[in-house]
Amino acid sequence: MTDSYLSQISEVHALLGIPASFRDECALPLCRPPDRLVATELDYYGRPQQLCPEAFSAWTEMKAAAAGDGVVIHLISAYRDIDYQCQIFKRKLDAGLQLASILQVNAAPGYSEHHTGRAVDLGTEDCPALETEFEKTPAFKWLSANAGEYGFVMSYPKDNPLGISYEPWHWCFKADGGSE
């Protein structure tokens, strides 16, 4: 990690009211940005997305394999930089949510797997985005059985030790690392 990256994280945390002790107390690893990003297909909402090349290749293969088995999976979110993650926190703080509550459902800036260009939030037809009911879909069943073949793992299973709530829609390409 470069000193400038750590400084940027410290500045953003101070802006959000995240205590300086957070890094020592956090169970999540610090996540670094990738050396290179490539454009993916547009996400479900028509927004441009990016992933690191290896993750995009694996995502493309996995999505095609799922489709071949009659299962629809689509991107909800992929790469996010620190500023984007900061904006998520600001919106929630401005809406009156407490920082501790936000940190249970969103990784702090600098600690989100989305910073690595390897994480994807996924959705499927007939299921609201980013809801735990995703676990009841054929897409989740297919991912649970097959995502590992493409290098993807569900990062936040039930009762995970990382302090993030269960996210059946969040999968990360781990074939060759991605965090500190």
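Use the structure listed above.
Note that the structure is a prediction, hence the values are computed from the model and not measured. (Residues numbered from 1 in each chain as written. Predicted model: local features only at pLDDT ≥ 70, side-chain atom pairs only at ≥ 80, totals over all residues. Heavy atoms only, no water.)

### Topic: the environment of Leu 15
Line of reasoning, step 1. Turning to its location among the elements, Leu 15 is positioned in helix α1 (residues 3–16).
Line of reasoning, step 2. Distance from Leu 15 to Met 154, taken between C-alpha atoms, is 30 Å for residues 139 residues apart in sequence. (Helix = DSSP H or I, 4+ residues; strand = E, 2+ residues; numbered from the N terminus.)

### Regarding helix α6 (residues 138–146)
Line of reasoning, step 1. Considered for burial, the residues of α6 that qualify are Ala 139, Phe 140, Trp 142, Leu 143 and Asn 146. The buried residues of α6 occupy one face: seen down the axis, they fall within an arc of 160°. In this structure, α6 carries Pro 138, Lys 141 and Ala 145 as exposed residues pointing more than 90 degrees from its buried face.
Line of reasoning, step 2. For α6, the elements touching its buried residues are α3 (53–68), β4 (119–123), β5 (152–154) and β6 (170–173). (Buried < 20%, exposed > 50% of the residue type's maximum accessible area, 1.4 Å probe, protein only. Arc of directions from axis to C-beta. Contact = heavy atoms within 4.5 Å.)

### Considerations on the sheet that holds β4
Line of reasoning, step 1. Ordered by their spatial adjacency, four strands build an open sheet running β3-β4-β6-β5, and the pairing between neighbours is antiparallel. Edge positions in the sheet fall to β3 (74–77) and β5, since each of these pairs with one other strand and no more. Across this sheet, the average inter-strand angle for adjacent strands is 45°, counted without regard to direction.
Line of reasoning, step 2. With three bridges joining them, β4 and β6 adopt antiparallel strand pairing. If you follow Asp 121 over to β6, its bridge partner there is His 170.
Line of reasoning, step 3. On the sheet, α3 packs against β3, β4, β5 and β6 and is oriented at approximately 80° with respect to β5. (Pairing = 2+ DSSP bridges. Axes fitted to C-alpha atoms, helices over the stretch in contact; angles between N-to-C directions.)

### Remarks on α1
Line of reasoning, step 1. Compared with an ideal rise of 1.5 Å per residue, which puts 14 residues at 20 Å, α1 spans 20 Å between its outermost C-alpha atoms and is within 8% of the ideal.
Line of reasoning, step 2. Where α1 is buried, its residues meet α2 (22–25), α4 (82–94) and α5 (99–105).
Line of reasoning, step 3. Positive backbone phi, at 85°, marks Gly 17, one or two positions downstream of α1. (Expected span 1.5 Å × (residues − 1).)

### What about the pairing of β4?
Line of reasoning, step 1. Counting buried positions over the five residues of β4 gives five, a clear majority of the element.
Line of reasoning, step 2. Sheet topology places β3 next to β4; three bridges connect them, and they run antiparallel. Looking at the pairing, Ser 77 lines up with Asp 121 of β4.

### Digging into the pattern of salt bridges
Line of reasoning, step 1. Tallying each qualifying case throughout the model produces five salt bridges.
Line of reasoning, step 2. Note that Glu 41 is salt-bridged to Lys 63, the shortest N-O span being 3.4 Å. Separated by 22 residues along the polypeptide, Glu 41 in the loop between β1 (38–39) and β2 (50–51) and Lys 63 in helix α3 bring together distant segments of the chain.
Line of reasoning, step 3. Assessed through its relative accessible area of 26%, Glu 41 is described here as partly exposed.
Line of reasoning, step 4. Taking the relative accessible area as the measure of exposure, Lys 63 reaches 30% and is therefore partly exposed. (Salt bridge = Lys/Arg side-chain N within 4 Å of Asp/Glu carboxyl O.)

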